[in-house]
Amino acid sequence: MIASILGDGEITKRYAYDRRINNSYREHFSLGQLSYREWKQQKLPDLLYLRGDNLVSRSIPLMTRLFPLFYPNNKKHIPFELLKNIYHPACILILYLDDGSLLLSKRFNHKKKEIQFTPHIAFYLQAFSKEQLEQLAIWIKNHYKINVRTSGTPSGTGYYLKTTKVRDTFDILNLLKPYQTELPDFMYKLSWEKRLDTEVNHYKQTHPDYTIRVSIPARPCSHDEVALLIDWKQQGVTDKEIAQRLNRTYWSVVYKWQDVKNREA
């Protein structure tokens, strides 16, 4: 709930002419986001319900107590006193699905006919000041051991958060991997393999003679693993099956095999 208020949601204001005694929660969404809002509602069925294209709560004392913590001076604020004991991955999940993106920066080397993909995760929490985002980055580091930093943007308050290293991007995706089965409509955000396949298929059409390389963090392959890789490839074992046998990602196997072939050449 805290992550939702920081993200797409809001605690509604009360006005002098308002008959309500308490504040309520509201989260507007588009039709494409319906399954995600249904998932939220199912997680908190006694608190939230769907009303058209809004996820809402009744006017309740809880929201009245939370309002001044999130809106001092009627401006949205990160109440770090509420975050100090939160370590559950659902908090990062909500911040990410509400206001985040899985970004792929692309670098073309036309001389070598190569395309380099590097993944990043962005949290577009642009309602908050740079100082608050920097505090949030410290909180993410302390609670999840993931590094993010502020980056400039022309919208909102001028800043957002993004991962600083490829390893941090994969740490977030690995943290959220258990939610893939619950939120299949969001595999483009939750699954690196799914997102990468989409990009690779696109560039195979637009740049069919280019080699695609991916910046991925991977532990070094041992001599035994390389020997097994060569043996299994000679037997015709698929890259997917080899990845499962070695407990590695599909793409790490693909690019390790490319390195092996290059050395042999």
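Residues numbered from 1 in each chain as written. Predicted model: local features only at pLDDT ≥ 70, side-chain atom pairs only at ≥ 80, totals over all residues. Heavy atoms only, no water.

## Some thoughts on the overall build of the chain
Okay, so step 1: Of regular secondary structure, the chain possesses twelve helices and nine strands.
Okay, so step 2: With the C-alpha coordinates aligned to their principal axes, the bounding extent of the chain is approximately 80 × 35 × 35 Å.
Okay, so step 3: Of the contacts formed within the chain by residues at least 6 apart in sequence, a portion of 63% connects residues at least 24 apart.
Okay, so step 4: Carbon and sulfur atoms make up 50% of the accessible area of the chain, which totals about 14,700 Å². (Helix = DSSP H or I, 4+ residues; strand = E, 2+ residues; numbered from the N terminus. Contact = heavy atoms within 4.5 Å. Areas by Shrake-Rupley, 256 points an atom, 1.4 Å probe, with all protein chains shown as cover.)

## Regarding the packing of helix H2 (residues 34-43) against helix H5 (residues 89-99)
Okay, so step 1: Running from amino to carboxyl end, H2 crosses H5 at an angle of 155 degrees, the nearest separation of the two axes being 12 Å. Between H2 and H5, the crossing angle belongs to the class labelled roughly antiparallel. Crossing geometry of H2 relative to H5 is assigned as left-handed. Where H2 approaches H5, its residues Tyr-36, Arg-37, Trp-39 and Lys-40 are matched on the opposing element by Leu-93, Ile-94, Leu-97 and Asp-98. (Axes fitted to C-alpha atoms, helices over the stretch in contact; angles between N-to-C directions. Parallel < 35°, antiparallel > 145°, perpendicular 65-115°, else oblique. Left-handed = near helix turned anticlockwise from the far one by under 90°.)

## Brief notes about the side chain of Gln-116
Okay, so step 1: With respect to the helices, strands and loops of the structure, Gln-116 is situated in strand E6 (residues 114-123).
Okay, so step 2: Looking at Gln-116, the relative accessible area reads 19%, which means it is buried.
Okay, so step 3: Beyond its immediate chain neighbours, meaning those up to four positions away, Gln-116 contacts Ser-105, Lys-106, Arg-107, Arg-213, Val-214 and Ser-215. (Buried < 20%, exposed > 50% of the residue type's maximum accessible area, 1.4 Å probe, protein only.)

## Some details on unusual backbone geometry
Okay, so step 1: The phi dihedral of Asn-74 falls on the positive side, at around 60 degrees, and the residue is not glycine.
Okay, so step 2: Take Asn-74: it is sitting in the loop between helix H3 (61-70) and helix H4 (80-83).
Okay, so step 3: Despite not being glycine, Lys-113 shows a phi value in the positive range, around 55 degrees.
Okay, so step 4: Of note, Lys-113 is situated in the loop between strand E5 (100-109) and E6.
Okay, so step 5: The class of Lys-113 is partly exposed, set by a relative accessible area of 37%.

## A short note on the pairing of E6
Okay, so step 1: Of all ten residues making up E6, nine are buried, and the element is well covered by its neighbours.
Okay, so step 2: Inspection of the sheet shows E5 paired to E6 by ten bridges, in the antiparallel sense. In the sheet register, Ser-105 faces E6, and the bridge partner there is Thr-118.
Okay, so step 3: In sequence, E5 turns back onto E6 through a hairpin of four residues, with Lys-113 there showing a positive phi of about 55 degrees.
Okay, so step 4: In this sheet, strand E9 (residues 211-214) lies alongside E6 in parallel orientation, the contact comprising four bridges. The residue bridging Glu-114 from the neighbouring strand is Thr-211, located in E9.
Okay, so step 5: Two strands pair when backbone bridges link them, and E6 and strand E8 (residues 159-163) are joined in this way by two bridges, in the antiparallel orientation. Looking across to E8, one finds that Phe-123 is bridged to Leu-161. (Pairing = 2+ DSSP bridges.)

## Notes on the nonpolar core
Nonpolar side chains tend to gather and get buried jointly when the protein is soluble and globular.
Okay, so step 1: Tyr-96, Phe-117, Phe-123, Leu-136, Trp-139 and Leu-183 are the most contacted members of the largest nonpolar core, which has 64 residues in total.
Okay, so step 2: Of the residues forming this core, the biggest block, seven residues, is contributed by H5.
Okay, so step 3: Apart from residues lying up to four places away in sequence, Leu-136 is in contact with Ile-78, Phe-80, Leu-83, Leu-125 and Leu-161.
Okay, so step 4: Counting ten residues, the second largest nonpolar core, distinct from the first, contains Val-226, Ala-243, Trp-257 and Val-260. (Core = buried A, V, L, I, M, F, W, Y, C linked by side-chain atoms within 4.5 Å.)

Purely geometric stuff here, so don't read any function into it on its own.
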